[in-house]
Each structure stands twice: as structure tokens, then as C-alpha cells.
Amino acid sequence: MQKLSVFGLIVLALCLTMAGGCSKKVASTPGTDTISGGGSSSGELSAEELERQRLAELQRQAIAKIGADKIYFAFDSNELSQESRAILTEKADLLKSTPGLNLLIEGHCCDIGTNEYNMALGERRARAAYEFLVLMGVDSSKLAIISYGEERPAVEGSTEAARSQNRRDEFKASAN
Amino acid sequence: MRLVLNCLILLLITSNATADTLNIDIYGPGQSRVNLFVADPLSKESGVSLGSIPANAPQELQQRIHANCAFLPFFTMLSGKDIVGGPNPGGYLGQNIDFNKFQLSRTDIVITAGWLPRPGGVGEVELRAYEVYTGRLIVGKGYGVASPQQIYEVAARFCADLMEALTGHGDFFRSNIAFVKKEGKRKQVYMSTAQGLNIQKITNLDGICVSPSWSHDGQQLVFVFLDDKAHNLCVWNRQTRELQKRRLPGNTLVSPAFTRSGTVAISLDMRGNPDIYELRSDYSVGRVLEENWGIDIGPDFDHSGQKMVFVSDRLGNPHVFLKNLGTGEVSRVSLSGKYNTGPSISPDGTQVVFAQLVQGHHKIFSVDLTTGQERQLTFGPGSDEDPTWSPDGYFVAFASNRSGPYQIYLTTKHGDEPILIPTGPGEATSPAWGKL
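Procedures and definitions
Residues numbered from 1 in each chain as written. Chains lettered and ligands numbered in written order. Predicted model: local features only at pLDDT ≥ 70, side-chain atom pairs only at ≥ 80, totals over all residues. Helix = DSSP H or I, 4+ residues; strand = E, 2+ residues; numbered from the N terminus. Rg over C-alpha atoms; globule rule 2.2 N^0.38 Å. Buried ≥ 20, exposed ≤ 12 C-beta atoms within 10 Å, placed from the backbone. Contact = placed C-beta atoms within 7 Å. pLDDT = per-residue confidence, 0-100. Nonpolar A, V, L, I, M, F, W, Y, C, P; charged D, E, K, R; others polar. Pairing = 2+ DSSP bridges. Axes fitted to C-alpha atoms, helices over the stretch in contact; angles between N-to-C directions. Domains from an automatic or database assignment.

## Quick look at the overall build of chain B
Step number 1: Along chain B, the regular secondary structure elements total three helices and 30 strands.
Step number 2: Its C-alpha atoms give chain B a radius of gyration of 24 Å, within 12% of the compact-globule value 22 Å for 436 residues.
Step number 3: On the principal axes, the C-alpha backbone points of chain B span a range of 75 × 45 × 40 Å.
Step number 4: Here chain B, with 436 residues, has 49% of them falling under the buried criterion.
Step number 5: The contacts in chain B between residues at least 6 apart in sequence include a share of 45% that link residues at least 24 apart.

Written out as C-alpha cells, the structure is:
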């Protein structure tokens, strides 16, 4: 079984390096869809299963990439900077090219300002990213937003360095 | 009301205030101060020692009364060392008290306690407050104390009566405060008396509770609960201790508050922008109370239910506004500063307090709605946030990190020196004042 997994991963990696063309190839050559699992009768993978694994790997990579980059804001602002727009454009491309993904956009604030106003400001920050992604063609039904205000800081502390890290949107993608 | 005390005897009821008697105008501009001495307890019968009363109750009660009165900024608390000739009053009844030495010590009011043991309980106590210069009895009450746990309640009742006799209002000792306490990554709702006694944990939820607010009758508490996926509206019933949790339309729920009629007002973003709505009794979304292109949050209502204060960034920065719900007219309340949030309107609808960002820290400001005059109530280090009026419109509680972690403090409409309300270890924020 372990052997099979290693073999399966090698095949998947090969497929992924072929940048999307792999799925068509797999579908068009059914004879190669089944892989011998070292003599084990239960170790055969159907084309469907291979496709499922390929998609899962694509999703895993997209989820990691979408979650890796946060976007940051100025104090009491929900304006998207040029850098933020570039990051969001990448996320939009990933969301559009990777089927079966949902995205939760979290809006956060620094500890300046009061909790309740920051809850509303966090909503605005999350919504700014949401609206940008929708403008970039992402299906809005895949998107959700939540504000945590100043309740979940990324960095503890009241220095400007900490605060600038806390005025942010975080992106939590998940598979359907 | 779970009344556990037996009021034994009503001694001489508070005298009516007359021109020549001591009374304190806590609302007027020139708040006077009086010197108060809480005398050591005495036995009512010469052959009976106070030591026969369990749990050190007589001393505990006097200490509690002393601590309670120390919350009132119009009292200067005297100690035994301040009394010329020693602190023993000579007796717990007016005819036995040596008022002369208290006069010499510039004492204005002296409080005495006379105790007797009580079979099957702690004891019976008569508490009296005398005006030293006239010897007049201001308040006299008797209580049966069944258990040591009732000590704080006896103290609260007596202090409420004393405050009411002197100022016309005793609600400070009859009211409670809800607040949020940080516990690791979670935040839970707690409540205690306004003196930080009888602390009770209300929630034990896996997430973050924010923005508690009491109903006007003090029987329901509303707040927002944030879990890993969504905001939820929570309503806690004090009588049944039941907690209802509901999802509402939109993504973000901000600053719920009870209206005068008992419905909940809350800011929802269901149209893509936080606006203030009134929920129906089944918590479905009802009428719009305030909407605008900007952020509209933080509703709070006066006792008449006609005045609603709220925060809006419609002018570019967050400011406090007032809406007359009868006419629909909206006017700006905070005139200075660039960041004014967290408003609370006094029950009589004449004063608004809020937090203003001053040089990177929040300070509590008040605005007199009649004159429009704005003044800063708190100073010093750290940030002072989330002000909330007491039911009598005299005290203002707020959260502050002036001494380190956030704790709850108390000042007054005059901006008296803030006093810590002890709420135990851990950060405490978001005070909400309700009735007991």
C-alpha cells in the first residue's frame, strides 16, 4: 500500500508538471489508467480516482498558496494598495483555475481604535478583498467574509511594527 | 428577586431631607465632599462578646461597608487614627455616642453597628449612620444574617439606603455590571455587582464573546459570539439562565443593544455596509433605525427611547451622532478629535460619553446635549474605552489599560479620579451597566 502511494505520488507529480494537459491525456488513454500495485489486486486506481487525486493535489497547493499571502492596510483604512491588488489578482487566478474551492476572507484590525468600530472596519477590509475578487471574475457563491476586528492579532504587542502586521486580511481557502 | 435576608426591624427610617440636614448634590457642578468614619462593631449586650459571632462577621461587615463607601467620590474615608481620643464611638446608639470627639476630628458622618449572636445563623445587626454635627440619624436598619455569604448583601443594602438618603439615588449598590474576560484565546461574559462582588461566569463558549449589553429591566443580556466561521447573536436570560444563539442575515454583527421597548437593535451588513436595524421579537430583521453609505454602529438609547446615539464614519472619520427617533433628525455630537467611538447616553438623555483618540490613546469625553459643551473626563496613561452610564446617570464605568492589562474602572460625570472595580485575574473589557 505504501509502495502504491509512493508510485501514485510520482505519477501525480508527473501529471502536475505537465500543467493541466495531463487530465486530457489520462482521459484519452484509458488503457493506461490502471496501475499495477505490485501484484495486489486491491491496488488498482481508476481514471476517476486518479483524477480525484490530481484535483485534490491541485486544491491542496492552491489552498496553501492562497493562504500564504495576506494583504495589509493603513490605519482606519480599507483601501487596497497596488501590492494588495497584485496579491488578490493571483488569488483570483488560483480560485478560477482550481475547481471546488471556497474562500473565507477574514478582516482584522490593530489594537488602536475601539473593539466595536474595529469589528465594522474588519468587515470593510474583508469586503474590499471580496469585491475585488468578484470583479476579477471569482464566483461570489464561493466567497464568504468574517470580521474579527482586533480580537485575533497576528502579532501581540502595541508597537507600530506589530500593529501594521495586524491591519490585514487573511485568506482561508477550503475544498468543497 | 431571590431575597435571602430577613429584614428584622426597620428602625428609624431615613429622615426627610430638610434645609438644615446633610445632603449631597451629586449632579450639581460643585460636588461637596464629606468625611465618613465607619466605627468598629459593638455588642448590643454587655455580657455577650462579638467573638461568639461566627466567621468574624461583625468586622467583615464594617470592612465591606468601608470598602463600599470608598467607591463614592463624595466621601473622604477616615481611619481610626484620624479620630481624636480613639475610634471607639462609645456606643452604637445616638444617645451613647461621643459626638464631640468626632466633631473635633472633622467627621461629618459616623456609621455604627450593634450585633447579637443568632442561634442557627450568624447574627443580628443594627446599622446606623449619624450626622455628627446634629446627632441626627440619617439611616437606621436592622438585618438578620443567616450566613457569612450574606455579609456583602447587607453592606450593599445599607450603603444603598445611605446613598439614597444623602443624594436621592442608591442604585449604585443595587446594580450590576456585565463585562468580557479574556481566557486564553477565548473571551467569556461575566457579571458582578458594581463593586466587583459576587462575580459570576455567564458563558463558556468556544470562541470570542464581545459587546454585552443589558435590557432596560436588567433581565436579559445580549452580546455577539464569534466562532471560527461566523458571528452569532446571543441573548441570555438572567432568570432562566438560558442562552439563545442565532445567526442573522449578513456576515458581521456589531454592537447589539436593547431598545426601550425590549427589542434588540444591532448593526448588520446585509446590504453590504453596516447599518443599524431593529430586530422583531422573533429576532427577524425589522425596521431600519439608521442607514448610510458609511459604517453605522453602536446604538444606545435613553430612558425615553426617543434618543439614540451611534457611531458613523459618514464624514470620513468615526464620530458620535444623535438621532431623534421621533422626528428622524440626526445631529453630530462629538465635535472635536478625529476618532470618537463607543457612545453611551445617560438614562435621562442629557449627557453622552464616548472614547476619543488623543495622541494614540483613547480618553473618555462627555458632551452635554443641552449646551453642546464637550469635556474630557479621564486623563493619565493608557487607553480608556467603552464607557457605560450607571442607571442613576452619576457613574461612568469604562475599560482601561492605565495600570497594565485592561481592567474595569469607575469615574463619575464630574470626571472623579478613576477607581478600579476588582474583577479577578485576566483582562476585563466592555463593561455594560444594568440593574440588579
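## Looking at the confidence of the model for chain B
All names here are of chain B.
Step number 1: With 94% of its residues at a pLDDT of at least 70, chain B reaches an overall mean of 92.
Step number 2: Confidence drops under a pLDDT of 50 for residues 1-19, and excluding neighbours within four residues, the segment shows 30 contacts in the predicted structure.
Step number 3: Predicted as a complex, the structure gets a pTM of 0.86 and an ipTM equal to 0.84.

## Comments concerning the interface of chain B and chain A
Step number 1: The partner chain A presents 15 residues to the 27 residues of chain B that form the contact.
Step number 2: Broken down by secondary-structure element, the contributors of at least two residues to the side of chain B that touches chain A are strand S10 (208-214), strand S14 (253-258), strand S18 (296-301), strand S22 (340-345) and strand S26 (384-389) of chain B.
Step number 3: Looking at which element gives the most residues to the side of chain B that touches chain A, the answer is S10 of chain B, with three residues.
Step number 4: Grouping the amino acids of the side of chain B that touches chain A by side-chain chemistry returns 12 nonpolar, 11 polar and four charged.

## A short note on the pairing of S14 of chain B
Residues and elements named next belong to chain B.
Step number 1: When you tally the buried positions in S14, you get six out of six residues, the bulk of the element.
Step number 2: Summarising the sheet, S14 and strand S15 (residues 264-268) pair through four bridges and their orientation is antiparallel. Paired with Ala-257 across the strands is Ala-265, a residue of S15.

## Concerning the sheet that holds S26 of chain B
Residues and elements named next belong to chain B.
Step number 1: Spatially, S26-S27-S28-S29 is the arrangement adopted by the four strands of the open sheet, whose pairing is antiparallel. Of all strands in the sheet, those bounded by a partner on one side alone are S26 and strand S29 (419-421). Put simply, the sheet's adjacent strands are angled 35° from each other on average, direction ignored.
Step number 2: Two strands pair when backbone bridges link them, and strand S28 (residues 407-412) and S29 are joined in this way by three bridges, in the antiparallel orientation. Across the sheet, residue Leu-410 finds its bridge partner in S29, namely Ile-419.

## Considerations on the domain arrangement of chain A
By a widespread convention, an interface's size corresponds to the accessible area lost as its parts come together.
All names here are of chain A.
Step number 1: Once the domains are mapped, chain A shows domain 1 (2-63) and domain 2 (67-175).
Step number 2: Contacts between domain 1 and domain 2 engage five residues on the former and nine residues on the latter.
Step number 3: Of the residues in the side of domain 1 that touches domain 2, the class split is four nonpolar, one polar and no charged.

## Considering the sheet that holds strand S24 (residues 361-368) of chain B
All names here are of chain B.
Step number 1: Here four strands make up an open sheet; going across it, the order is S22-S23-S24-S25 and the pairing antiparallel. Strands with a single pairing partner mark the edges of an open sheet, and in this sheet they are S22 and strand S25 (374-376). Strand-to-strand twist across the sheet, computed as the mean angle between neighbouring axes with direction ignored, equals 25°.

## Focus: the pairing of strand S4 (residues 109-117) of chain B
Residue and element names in this part refer to chain B.
Step number 1: The pairing of strand S1 (residues 34-38) with S4 spans three bridges and is classified as parallel. The partner of Leu-36 across the bridge, within S4, is Ile-109.
Step number 2: As paired strands, S4 and strand S5 (residues 123-131) are joined by nine bridges and run antiparallel to one another. Directly across from Val-110, in S5, lies its bridge partner Tyr-130.

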